[in-house]
Amino acid sequence: MSPHVLILGGTTEARELAAALTARGVRVTTSLAGRVARPGALDGDVRIGGFGGTEGLADWLRAGRVDALVDATHPFAEGITANAARAAATTGVPAVVLRRPGWRPGPGDRWHPVASLAAAAALLPDLGRRVFLTTGRLGLSAFAHLTRLHFVVRSVEPPGPPMPPHTHTVLSRGPFTLADEHALLREHAIDVLVTKDSGGTATAPKLAAARDLRLPVVVVRRPALPEGTRAVPDVPGVLDFLGLDAS
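Residues numbered from 1 in each chain as written. Predicted model: local features only at pLDDT ≥ 70, side-chain atom pairs only at ≥ 80, totals over all residues. Heavy atoms only, no water.

Break down the packing of helix H2 (residues 53-63) against helix H3 (residues 78-91) for me, citing the residues and quoting the values.
The contact between H2 and H3 brings their axes to 8 Å, and the two run at 50 degrees. The pairing of H2 with H3 is recorded here as oblique in orientation. Seen along the crossing, H2 lies across H3 with a hand that is right-handed. The segment H2 lies against H3, with Gly-53, Thr-54, Leu-57, Ala-58, Leu-61 and Arg-62 engaging Asn-83, Ala-84, Arg-86, Ala-87, Ala-88, Thr-90 and Thr-91. Of the residues belonging to the contact of H2 with H3, the class tally is 6 nonpolar, 5 polar and 2 charged. (Axes fitted to C-alpha atoms, helices over the stretch in contact; angles between N-to-C directions. Helix = DSSP H or I, 4+ residues; strand = E, 2+ residues; numbered from the N terminus. Parallel < 35°, antiparallel > 145°, perpendicular 65-115°, else oblique. Left-handed = near helix turned anticlockwise from the far one by under 90°. Contact = heavy atoms within 4.5 Å. Nonpolar A, V, L, I, M, F, W, Y, C, P; charged D, E, K, R; others polar.)

Following this line, the structure appears as structure tokens:
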């Protein structure tokens, strides 16, 4: 019988992994949180919605006869990652975290690393007045008290309250080109960028555009992975973990 791999998905890497595993005859189930109304097509089976915490995920691993668990969620999905680590430990299911490498500042970058969205909000009044906020639609409440700043928020789906009173929403899905980012920053007269250290190439051009325009960038650092977690940076790393040929 083909092994059954559960992928906690939602990222580009999760989609690539599902395709790579199904091409090798592996049974794949990708679980999506359901925060995006129209997710793209995925190879293998798809389930949508939460598991009900650690115990619910552990029950699903047992009932689904899962042979391996791959956490390929967003680097800031801290709660899901913690639940996955505990559920894997409880059930004895081998588990690995697929995390693309984070971004690193280069010459000319004016980065301000911070530990949280709240810390990012605290810095903003000293850095600029027109903010390009690319931290996702679910964290806007951290900035809602900044009534004197103007925010441009980019997200796949419309954000909901609470949010800053002066907010312009741009609905768009990456990848974005350097020309796209230059145009947006200039059109909205942006003077400071806020982002999470998501890593990857889909949204990295905004960092290059900010560097070109010499804009300060507030970068929210990633949360630490649970102690003892094994992590790999790419799909070949997962295939190696599973004992499959990556070629």
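From this point, the discussion proceeds with the structure in view.
Could you give an account of the side chain of His-182, naming the residues involved and the relevant values?
The residue His-182 is located in helix H5 (residues 178-187) in this model. Apart from the residues within four sequence positions on either side, His-182 is in contact with Ala-209, Asp-212 and Leu-213.

I'd like a description of the packing of aromatic side chains, backed by residues and values.
Describing an aromatic ring pair means giving the distance of the ring centres and the angle of the ring planes. With the rule as written, the count across this model stands at 2 aromatic pairs. Between Phe-51 and Trp-60, the ring centres sit 5.8 Å apart and the planes meet at 75 degrees, which makes this aromatic pair edge-to-face. Taking the relative accessible area as the measure of exposure, Trp-60 reaches 25% and is therefore partly exposed. Over the ring of Phe-51 we find Arg-47, and its NZ or CZ is 3.9 Å from the ring centre. Across from the ring centre of Phe-176, 3.6 Å away, lies the NZ or CZ of Arg-154, which sits over that ring. (Phe/Tyr/Trp six-rings, centres within 6.5 Å; stacked < 30°, edge-to-face > 60°. Buried < 20%, exposed > 50% of the residue type's maximum accessible area, 1.4 Å probe, protein only. Lys NZ or Arg CZ within 6 Å of the ring centre and 35° of its normal.)

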